[in-house]
Each structure stands twice: as structure tokens, then as C-alpha cells.
Amino acid sequence: CAASVGAVFLSCVVFWLGPHNDRQLQATYRWFGSTFTGTEFLFAAAAGYAALLVPYFLFFVDPAEAKSLKCFRVALRFLLAPRATVATGLDRDERVAVLATLLKMFFAPLMVIQLMIFCTGALNNGAAILALGLAADTLRLMFDRWGFWFALQVILFVDVLVFTVGYLVESPRLGNQIRSVDPTLRGWLAALLCYPPFNIVTGAVLGSATTEFPQFDDTAVHLTLNTLLLALMAIYAWASVSLGWKASNLTHRGIVSRGPYAYVRHPAYLCKQMAWWIGSLPIVAAAFEQSLLDGLHTVASVVAWTALYLLRALTEEDHLRSVDGEYAAYASNVRYRFIPGVV
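**Q** Can you break down the overall build of the protein residue by residue, with the values?
**A** A tally of helices and strands in the protein yields 13 helices and four strands. A globule of 343 residues ought to have a C-alpha radius of gyration of about 20 Å, and the protein, at 22 Å, matches this closely. Overall size of the protein, expressed as C-alpha extent along the three principal axes, is 70 × 50 × 35 Å. Considering the protein as a whole, with its 343 residues, one finds that 45% of them fall into the buried category. About 17600 Å² of surface is accessible on the protein, with carbon and sulfur atoms providing 68% of the total.

Okay, here's the thing in C-alpha cells:
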């Protein structure tokens, strides 16, 4: 239990020290009349989670099996005898424990902060919608200022909530124990390049040719395409909900074949990319208006991001296939990665 609590607060301190997180951590948020900073929320959430770990280890799991404890033992052994540790290497359980602990320490504070931000946005925009009312002559105004953002932030809140629980809770009773963690550098790079702070570099190299809320001159086109974007993001969140307790990156916690996973193997990546393609349409059009070269450069940025997510899908499949035959059986039943009958 002490090892897990230590890992929780160590991950929060590392996240707090990251200069790229200053804007989120120093900002002030409001919930039901109470104000707090991102830093206050992060460490309050960490304290609450640490308190829940005590009954969790008392009643649900054997503390001796905690991956964080195994990870700290490996770290201590390496500090005391680095040459001997390198020479003997790690056994499978130790390797999984180290990788899983590092994975949770990276993603847990990131997910908690994003969860709080999306919840705050949904509350604020929902209150604004109620205050504005549903007058027909303000439809686009309401949609642009509050409606779109309310729907998107609720969708993202659901998605992040599922993954936050997935990272923070692991129990045999829930059937979501981490069986393995992708040990390859290619797999980790493909995933981490999509998250801060690494996506800062990715964006600088690949460009950023999309927007969360694309604007179109024609009101009918504007409402139709952005409603489609929200529908795609809703399917994206549905995929996360279908993963349930097993949601997390780079891990094998058992195969899920319900929900959209009954039709394609990577519904979340497909829908997220399609939403991004809609978001890129005004930017691509504006770039082509400037010059052919600018237009092609912008299209190349969209293609590059799509290729990165394709790489994530392929590395995930390589990892899952390498563990046992469960994924191979699933892939034989669900033949298509992205589009039924096509690919």
C-alpha cells in the first residue's frame, strides 16, 4: 500500500514540475460556486485516491502482488547493485510491473486533470445553455457558443473517465489485471507521441492542420458537419465505455469484442481520425486558396497524423498477438481493422 501511495504522489510531483503543465495547473476552475486551481485539484484527488488504497489492499488484493511494490524493489536493487541487475536482467513479472507502473504514473495525473477540465467545461456550458434558452432564432449562436462545446466536453469527459478508472483501478475481481505491457520502443513511441509533452514535438514536426470546432460559412453545412463530428466522437467514447475496466494504453488486459469492437478492431482510432478530417476541412481549403504548395503541405500534415494513428493500431496488434492466441481468435472473427468490408 505504501509503495502505491508513493507512486501516486511521485507521479503528481513529476506532473506538477513539468513546465508544459503550468497553464492547466495554475488556472482557476469553478464548481458549484467553489474555486480551485488545477494543482489543488490534482493533489486533493491524489490524497483521496491514496485514502481509498487502504481498504482496497485490505479487502480486494494481496499487497505483496502490487506492481508498484515490485517496481520499487527493482529500482532499489538497481541503485544498490546496478551492474548485477543489468547482468541478471528482469524476469517477466518484474518487467510487466516496471512498465505498468511507469505507464500508470505517466497517464494517471494527465487523465485526472483532463477529467476535471472537461467536467468544468460541461458544467459551465450547460449552465449557459439553460440561461440562454432554446429560442429558434439563436440556434447557431447557441450551438457555436455553448451547445457544441457542452456536447464535446461531455463526450470527452465520459471517455477520459473510463480511462482514468482503467489506469487507477486494477483488480482480479474486475477481470482487468494487466497481463503484459508492450515492451517495444516502437509501441511506446507511437502512443506517447500523441500525448503531452511529447505531442508538442510531434505537432512541431507534423504540423497541426485541424481544429476541434471547424467553422463553415453556410449554416446548414456548419451544423450538419459539426453534428457529424460530435456523432463520431460519441462513437469514440462508446468504444471507451465498451472497454470498461480494461481501458488503458499499451497493455493487454483481455480482449473486448462488444460494442463497436464487434464490427471493427479499431473503432476509436477510426472515429477520432474522421472527426479530425472534418476539423481539417476549413484549414485545408484556406491553404489551397493561398497556394497549391500550402494546400499540399496541409494535406500532408493530416495524412501524417493519420499514419501515426495507423502505426498505433499496428503496434497494438503486434503486442496483443505476441502474448497469447486470444487476439488472433478475435481478429479471425472481426476481420476488418477500420471499415467493414474494406480494410
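**Q** If you had to explain the nonpolar core to someone new, which residues and values would you point to?
**A** Taken as a class, soluble globular proteins show a tendency for nonpolar side chains to be buried jointly. Core analysis: the biggest nonpolar cluster contains 73 residues, and Phe107, Met111, Phe148, Val181, Trp188, Met233 and Tyr261 have the highest contact counts within it. With twelve residues, the top contributor of residues to this core is helix 6 (residues 92-132). Residues within four places of Phe107 in sequence aside, it is in contact with Tyr167, Leu192, Tyr195 and Asn249.

**Q** Describe empty space enclosed by the protein, with residues and values.
**A** Counted according to the given criterion, the structure contains one cavity of 30 Å³ or more. If you go around the largest cavity, the residues you meet are Asp182, Gly187, Ala190, Ala191, Asn249, Leu250, Tyr269, Arg312, Thr315 and Glu316. Elements with a contribution of two residues or more to the lining of the largest cavity: helix 8 (185-192) and helix 12 (292-323). Of the residues belonging to the lining of the largest cavity, the class tally is four nonpolar, three polar and three charged.

**Q** Please give an account of the pattern of salt bridges that cites residues and values.
**A** Under the criterion given, the structure shown has eight salt bridges. One salt bridge in this structure joins Arg179 and Asp324, with 3.7 Å as the shortest N-O distance. With Arg179 in the loop between helix 7 (139-168) and strand 3 (180-181) and Asp324 in the loop between helix 12 and helix 13 (326-333), the pair connects residues that are 145 residues apart, well separated along the chain. Taking relative accessible area as the criterion, Arg179 reaches 36% and is therefore assigned partly exposed.

**Q** Quick rundown of the pairing of strand 1 (residues 28-31)? Include the residues and the values.
**A** Sheet topology places strand 1 next to strand 2 (residues 34-37); four bridges connect them, and they run antiparallel. If you follow Trp31 over to strand 2, its bridge partner there is Ser34. Between the end of strand 1 and the start of strand 2, which pair antiparallel, lie two residues, with Phe32 showing a positive phi angle near 50°.

**Q** Account for the layout of surface pockets, with residues named and values stated.
**A** As a volume, the second largest pocket reaches approximately 1000 Å³. Along its surface, the second largest pocket is lined by 45 residues, and Tyr49, Lys104, Tyr167, Leu168 and Val169 are the ones closest to its centre. For the lining of the second largest pocket, the secondary structure elements donating two or more residues are helix 1 (2-17), helix 3 (38-59), helix 4 (67-80), helix 6 and helix 7. Here the lining of the second largest pocket gets twelve residues from one element, more than from any other, and that element is helix 6. Tallied by class, the residues present in the lining of the second largest pocket amount to 29 nonpolar, seven polar and nine charged.

**Q** Could you give an account of the environment of Val162, with specific residues and numbers?
**A** Tracing the sequence through the fold places Val162 in helix 7. Along the primary structure Val162 and Met111 are separated by 51 residues, whereas in three dimensions their C-alpha atoms are 9.7 Å apart.

**Q** An account of the packing of helix 1 against helix 4 is needed here, citing residue identities and associated values.
**A** Here helix 1 crosses helix 4 at 80°, and the two axes come no closer than 7 Å. As judged from the angle between their axes, helix 1 and helix 4 are roughly perpendicular. Contacts between helix 1 and helix 4 involve Ala3, Ser4, Gly6 and Ala7 from the former and Ser68, Leu69 and Phe72 from the latter. The class makeup of the residues in the contact of helix 1 with helix 4 is four nonpolar, three polar and no charged.

**Q** Please give an account of helix 10 (residues 219-243) that cites residues and values.
**A** Spanning 25 residues, helix 10 covers 36 Å between terminal C-alpha atoms, matching the ideal 36 Å at 1.5 Å per step. Capping of helix 10 at its N-terminal end is provided by Asp218; its side-chain oxygen lies 3.0 Å from the backbone amide nitrogen of Ala220.

**Q** With reference to specific residues and values, describe a nonpolar patch on the surface.
**A** Judged by side-chain polarity, Phe150, Val154, Val158, Ile235, Trp238, Val241 and Tyr263 come together as a nonpolar surface patch covering roughly 590 Å² of accessible area. Where the nonpolar patch is concerned, the elements lending two or more residues are helix 7 and helix 10. Tracing the backbone shows Val241 in helix 10. For Val241, a relative accessible area of 44% gives the class partly exposed.

Cut-offs applied
- Residues numbered from 1 in each chain as written.
- Predicted model: local features only at pLDDT ≥ 70, side-chain atom pairs only at ≥ 80, totals over all residues.
- Heavy atoms only, no water.
- Helix = DSSP H or I, 4+ residues; strand = E, 2+ residues; numbered from the N terminus.
- Rg over C-alpha atoms; globule rule 2.2 N^0.38 Å.
- Buried < 20%, exposed > 50% of the residue type's maximum accessible area, 1.4 Å probe, protein only.
- Areas by Shrake-Rupley, 256 points an atom, 1.4 Å probe, with all protein chains shown as cover.
- Core = buried A, V, L, I, M, F, W, Y, C linked by side-chain atoms within 4.5 Å.
- Contact = heavy atoms within 4.5 Å.
- 1 Å grid on protein atoms, 1.4 Å probe; cavity = no way out; pocket = protein on both sides within 12 Å on 5 of 7 lines; lining within 4 Å.
- Points joined across faces, edges and corners; volume = space filled by probe spheres on them.
- Nonpolar A, V, L, I, M, F, W, Y, C, P; charged D, E, K, R; others polar.
- Salt bridge = Lys/Arg side-chain N within 4 Å of Asp/Glu carboxyl O.
- Pairing = 2+ DSSP bridges.
- Axes fitted to C-alpha atoms, helices over the stretch in contact; angles between N-to-C directions.
- Parallel < 35°, antiparallel > 145°, perpendicular 65-115°, else oblique.
- Expected span 1.5 Å × (residues − 1).
- Polar contact = N/O pair within 3.5 Å; in protein donor to acceptor, adjacent residues only side chain to side chain.
- Patch = residues over 30% accessible without salt bridge, like charges linked within 9 Å, V, L, I, M, F, W, Y side chains within 5 Å.

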